[in-house]
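Overview (structure and organization)
In case you want the letters, here they are:
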Amino acid sequence: MAAMGMIMASCSNDDGSVTIQLPENFTEKTVVVNHVTIDNIFTATKVEDLNMTYDTLEVKNGVAKMKLNAAGPSQYIINAPVITMQQPEFYASPNDKIEITIKSFEPLDYEMKGTELLEDITALNSVTNPIHQEYFALINQSDSISPALTKEIMDRYDNAIKKFVADHPNSPAVPFAILELSGDDFKVIYDNMTPDAKKSILMPYAESYNSQVEQMQAERATEEARKAEVASGTITAPDFTLPDLDGKKVSLSDFRGKWVVLDFWGSWCGWCVKGFPALKEAFNKYGDKIVVIGIDCNESEADWRKGVKEHQIPWLNLYNGNDKKLYEAYNIEGFPTKAIINPEGKLVDLTTGEDPTFYSRLASFVK
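Conventions used here
- Residues numbered from 1 in each chain as written.
- Predicted model: local features only at pLDDT ≥ 70, side-chain atom pairs only at ≥ 80, totals over all residues.
- Heavy atoms only, no water.
- Helix = DSSP H or I, 4+ residues; strand = E, 2+ residues; numbered from the N terminus.
- Buried < 20%, exposed > 50% of the residue type's maximum accessible area, 1.4 Å probe, protein only.
- Contact = heavy atoms within 4.5 Å.
- Phe/Tyr/Trp six-rings, centres within 6.5 Å; stacked < 30°, edge-to-face > 60°.
- Pairing = 2+ DSSP bridges.

**What about the environment of Gly321?**
Structurally, Gly321 is set in strand β14 (residues 316-321). Among the residues examined, Gly321 registers a relative accessible area of 2% and is labelled buried. Measuring from C-alpha to C-alpha, the distance between Gly321 and Asp296 comes to 6.4 Å, with 25 residues separating the pair along the chain. If we skip the residues at most four places from it in the chain, Gly321 touches Asp296, Cys297, Asn298 and Glu299.

What follows is the structure, given as structure tokens:
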């Protein structure tokens, strides 16, 4: 019976097939479909391990046919004859019977039939694709889209996905649909996914994204805890000793008893340079109430000196170069980063990026 079961399974696998109806204007005699098992996508450690297969299919009367991959549930991509941002793709188990109808490669328009998964993805695409196309049309018409309009379009897109999930909670397409959502929205649906939805062959995609989201959320929680600790004013700012433009060694501890602003920057950093006018205004406003120290990172000494001169930086300038120890000590995650240190030597504020609210916080500290 076991042997018969194996034979029957083998016969069943051989029955799996896909019929591809190509667009009316498709003139090629062949079409290429590449496929890889979903298992390999998430277990391969190098490209060779993917075992990507490329099948060249003969096109007869606008139709191409192929057997499905017997190795397991797989991802298939139908190669478009023109350069395009998206190509038709589908997911199938070895014994599925599938029909793909491609109406157009550019803009991409296709339908999938034969399994609940593909039919539900087709239904979802019918709602989300027009929003996609609206967004791309706006990009092509204008060099810039207002943040408000961008948000309105993306909110509509997200809401369409959420509505699909609410209307089809048991669909095998749910793990596919939520991949388009932001981490927090994804996590809410993922954690409440129904048992039926979890049976989907696309569940590995959702599980992989969930791991990334959980890591991201953990990092964000750590960052928020660090910010809270910094705001508490209980952390002593890490001391350092660095050379100034004259080669004199300068230490942070030299300025105990004064408010100090550290500006971690580099002439290679566009936002660092854009932030100089606001910092110069604060430097002139507060006078001797604060000490501003620019700490150059990640560039040569010659480029540092050139940058200080070119941008006419009036405050104390120190050179850190490529030594990562200092900005690791300050948990610097990007440039520019500005730190505020109180007269007792405590770190009371750490701001990543060029954030205008930094100056309101500085004002509240320095009074």
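From this point, things continue past the structure.
**Structural notes on the packing of aromatic side chains**
On inspection of all chains with the given rule, the structure shows 17 aromatic pairs. For the pair Tyr76 and Phe90, a centre-to-centre distance of 4.7 Å together with 0° between the ring planes defines the contact as stacked. With Tyr76 in strand β5 (residues 74-78) and Phe90 in strand β6 (residues 89-92), this pair connects stretches of sequence that are 14 residues apart. Residue class for Tyr76 comes out buried when judged on its relative accessible area of 0%. Among the aromatic residues, those joined into a ring-pair cluster are Phe42, Tyr91, Phe176 and Tyr205.

**Considering the pairing of strand β12 (residues 259-265)**
Counting buried positions over the seven residues of β12 gives seven, a clear majority of the element. Residues of β12 alternate between two faces, with Trp259, Val261, Asp263 and Trp265 on one and Val260, Leu262 and Phe264 on the opposite face, all of them buried. Alignment of β12 against strand β13 (residues 290-297), held across seven bridges, turns out to be parallel. Residue pairing in the sheet places Trp265 in a bridge with Asp296 of β13. Sheet topology note: the β12/strand β15 (residues 337-341) ladder contains five bridges and is antiparallel. If you follow Val261 over to β15, its bridge partner there is Ile340.

Function-wise, these values are silent; they only describe arrangement.
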